[in-house]
Amino acid sequence: MMDDNFTDYFEPENVPDDKPKEETPEQREEREIKETTIDRTRGGRRRLFLWSLVVVLAGFLVYTVWSRYFHPYRTDCQERGVIMDVANEGTLVKTYECKMISEKYISDTVHIYTSDFAFTIKSDSLAREANALKGTGRRVTVHYYEYKGMVPWRGETKRFATQIVPDGAQAAPDSTGLKQR
């Protein structure tokens, strides 16, 4: 009795037929089209999503670098004080680095003097003017703009002087080309 149940599974009717089935020309054409056609719907969506993600991330990266290093975030700033040092510094790119004692440190007798106000001058004429005022004890107002980050070829500070106005002199119009806020 057990032998009967065991042999039922290996009957020839349960074994798949390896003979090719007869097909109509329409069925053959459909089969050939299906075999030669590549289904790209899922892969295309994935590729589109990945490229969109790459474009968005690249745009964000470009905007971040531009806004941090190449677009001033503070314009039309002023600081008053006495210029103490002007130096032409740099290995490959020479810039004029200046140090000034800020008026807030000069007038404050309670707190300890902590640091200089450092800024960079790009133009030679403004550097000559700062050099003439260096060490004289004459108070000046430095007009400058400031970036969030530093790049090596632009100097050692984030601040860039556009004008140096000695006390008692009138400020000239800003010639930097930066839009005032």
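Residues numbered from 1 in each chain as written. Predicted model: local features only at pLDDT ≥ 70, side-chain atom pairs only at ≥ 80, totals over all residues. Heavy atoms only, no water.

Student: Which parts of the structure should I look at to understand a nonpolar patch on the surface?
Tutor: On the surface, a nonpolar cluster with roughly 890 Å² of combined accessible area is contributed by L61, Y63, V65, W66, F70, L92, V93 and W153. Secondary-structure assignment places F70 in helix α3 (residues 41-70). Judged by relative accessible area, F70 falls into the partly exposed class, the value being 41%. (Patch = residues over 30% accessible without salt bridge, like charges linked within 9 Å, V, L, I, M, F, W, Y side chains within 5 Å. Areas by Shrake-Rupley, 256 points an atom, 1.4 Å probe, with all protein chains shown as cover. Salt bridge = Lys/Arg side-chain N within 4 Å of Asp/Glu carboxyl O. Helix = DSSP H or I, 4+ residues; strand = E, 2+ residues; numbered from the N terminus. Buried < 20%, exposed > 50% of the residue type's maximum accessible area, 1.4 Å probe, protein only.)

Student: Just checking my understanding: could you explain the side chain of E146 for this structure?
Tutor: Among the structural elements, E146 can be located in strand β4 (residues 139-146). In contact with E146, other than residues within four places in its own chain, are P72, Y73, R74, K158 and R159. (Contact = heavy atoms within 4.5 Å.)

Student: Looking at this structure, how should I read the pairing of strand β3 (residues 117-121)?
Tutor: Extensive coverage of β3 is indicated by the burial of 4 of its 5 residues. The pairing of strand β2 (residues 95-102) with β3 spans 5 bridges and is antiparallel. Across the sheet, the residue bridging to E97 is T120, located in β3. Sheet topology note: the β3/strand β5 (residues 159-166) ladder contains 2 bridges and is parallel. Bridged to I121 within β5 is A161. (Pairing = 2+ DSSP bridges.)

Student: How should the pairing of β5 be read in this particular structure?
Tutor: Each regular strand shows side chains that alternate between the opposite faces of the sheet. Most of β5 sits inside the fold, with 7 of its 8 residues counted as buried. As judged from the 7 bridges shared by β4 and β5, these two strands associate in the antiparallel manner. Looking across to β5, one finds that V142 is bridged to I164.

Student: In this structure, what is going on with the sheet that holds strand β1 (residues 74-89)? I would like to understand it.
Tutor: Working definition: the strands of a sheet are paired by backbone hydrogen bonds and lie parallel or antiparallel to each other. Spatial strand order, β1-β2-β3-β5-β4: 5 strands in a closed barrel with mixed pairing. Each strand axis lies, on average, 55 degrees off the axis of its neighbour in the sheet, ignoring direction. Note: β1 against β4, 7 bridges, orientation antiparallel. The residue bridging C77 from the neighbouring strand is Y144, located in β4. Here helix α5 (residues 124-133) sits on the sheet in contact with β1, β2, β3, β4 and β5, set at roughly 55 degrees to β5. (Axes fitted to C-alpha atoms, helices over the stretch in contact; angles between N-to-C directions.)

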